[in-house]
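# Structural characterization, general
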Amino acid sequence: MNYKYDYLIVGAGLFGATFAYKAKQAGRRVLVIDKRPHLGGNIYCENIEGINVHKYGAHIFHTSNKEVWDFVNSIVPFNRYTNSPIAVAPNGKVYNLPFNMNTFYQMWGVRTPEEAIAELETQRKEAIDKMKADGISEPRNLEEQALTLIGKDIYEQLIKGYTEKQWGRDCKELPAFIIRRLPVRMTFNNNYFNDYYQGIPIGGYNKLIDGLLEGVDVQLNVDFFSERNYWEGVAAKIVFTGKIDEFYNYRFGKLEYRTVRFEFETLDIANYQGNSVVNYTSANVPFTRIIEHKHFESFGNSVYENPKSVISREYSVEWEEGLEPFYPINDEKNQEIYNKYSALANKESNVIFGGRLAEYKYYDMAPIIAKALNLSGDEL
Ligand code: UDP
């Protein structure tokens, strides 16, 4: 059969756009389609009052992979943004994140690593002893993981409420690995990430996506599933980055996702919260965090050059039809369903699955790019 394209890429997010870039470089004919009216998937930004607003939530690029860092910087230079969120706790106080010496000082008044370790050890031991008494050797869920990692005070003030709001589930029902994403540090260092490299594209994320897709055929507002037979006939191979359960008509059941509802507000205030990310860790505050978008790209007092600011409050909700799915819920039940789809996907010879939705994996941006680069290296 004569195909118009070598690859049809379903989804113009980071995985699809990176694969498209490499395929085009390799001289392949590529078409990218996306059902949304814009490129970029969830990294898409909209310029409001001169501020790049992350329409689908804060995206902060971080990696220790030099190849990935060099690759994205070859498309658009990145700035030196460092993520240091703060948390407003149920007790009304403000704490530094991730959990580090500043947090321990704020929580317990301890000034040296030795004092902090002693306090942490006391609280951790309490949790470990309790588990042992119940005959449990390894943390079975997020609550046990958090208590044995960081102790009761931090769990109660900074983790429990936030996590249960974000996931809509009890911490006892969530997998332990979610909390292992967060570093625990015995230094006064508020950098949220341990990675070597971190930043935001200068001029915003759209520059990254536009650069990746330059010269590539793209069709927006197009739903693969509404004309599936047609789309399956336009290219020799498909790179599918959408929901894997939908690809297989939900034959093994629906996978669950969390998503976020955003409440955007433009303020006549130059500097609303003094930081890009402020988490609200109390179960009594309905939103999980407030993002003030200008701080991603303007530093220090340069934020006062623009008298306005755009903020977004994030409300975490269960995904349902019509919403954009954000976070896979990698609990046992969903993982079992995913494994069945994945077994089918592994047998496909003309379809490649990649990205958060197709792999049902809580990926950050850099690993997605690494994956797309590796895959394109094998494939092209
Ligand atoms: N988390 C928390 N308190 C916070 C921030 C994060 O307990 O103030 C926990 C929460 O369980 C969350 C996990 O850490 O799901 C990972 O957070 P991360 O910031 O990596 O989530 P993302 O930015 O991907 O939404």
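Everything below is about the structure printed above this text.
Notes on the structure in this doc start here. Note that the coordinates shown come from a computational prediction; the quantities given were computed from them, not determined experimentally.

### As for the side chain of Gln198
Looking at where Gln198 falls in the secondary structure, it is placed in strand β8 (residues 197-199). The class for Gln198 is buried, based on a relative accessible area of 10%. At 2.7 Å, the side chain of Gln198 and the backbone nitrogen of Asn83 are in polar contact. Contacts of Gln198, omitting those with residues within four sequence positions, involve Ile60, Phe61, His62, Trp69, Asn79, Arg80, Tyr81, Thr82, Asn83, Asn191 and Phe193.

### Some points on the sheet that holds strand β9 (residues 217-219)
Read from one edge of the open sheet, 5 strands run β9-β2-β1-β10-β16, paired in parallel fashion. What marks the edges here is a single partner per strand, and that holds for β9 and β16 (351-353). Direction aside, the axes of adjacent strands within the sheet are offset by 20° on average. Here strand β1 (residues 5-10) runs beside strand β10 (residues 235-240); their pairing, made up of 5 bridges, is parallel. Bridged to Leu8 within β10 is Ile238. Contacts from helix α1 (residues 14-25) reach β1, β2 (30-33) and β10 within the one sheet, and its direction differs from that of β1 by about 165°.

### A word on the sheet that holds strand β13 (residues 289-292)
On the basis of which strands lie adjacent, the open sheet formed by 7 strands has the order β7-β6-β12-β13-β14-β11-β15 and mixed pairing. The open sheet has two free edges, formed respectively by β7 (94-96) and β15 (327-328), since each of these has just one partner strand. With 3 bridges connecting them, strand β6 (residues 86-88) and strand β12 (residues 277-280) associate as parallel partners. By the bridge assignment for β12, Ala87 is matched with Asn279.

Thresholds applied
Residues numbered from 1 in each chain as written. Predicted model: local features only at pLDDT ≥ 70, side-chain atom pairs only at ≥ 80, totals over all residues. Heavy atoms only, no water. Helix = DSSP H or I, 4+ residues; strand = E, 2+ residues; numbered from the N terminus. Buried < 20%, exposed > 50% of the residue type's maximum accessible area, 1.4 Å probe, protein only. Polar contact = N/O pair within 3.5 Å; in protein donor to acceptor, adjacent residues only side chain to side chain. Contact = heavy atoms within 4.5 Å. Pairing = 2+ DSSP bridges. Axes fitted to C-alpha atoms, helices over the stretch in contact; angles between N-to-C directions.

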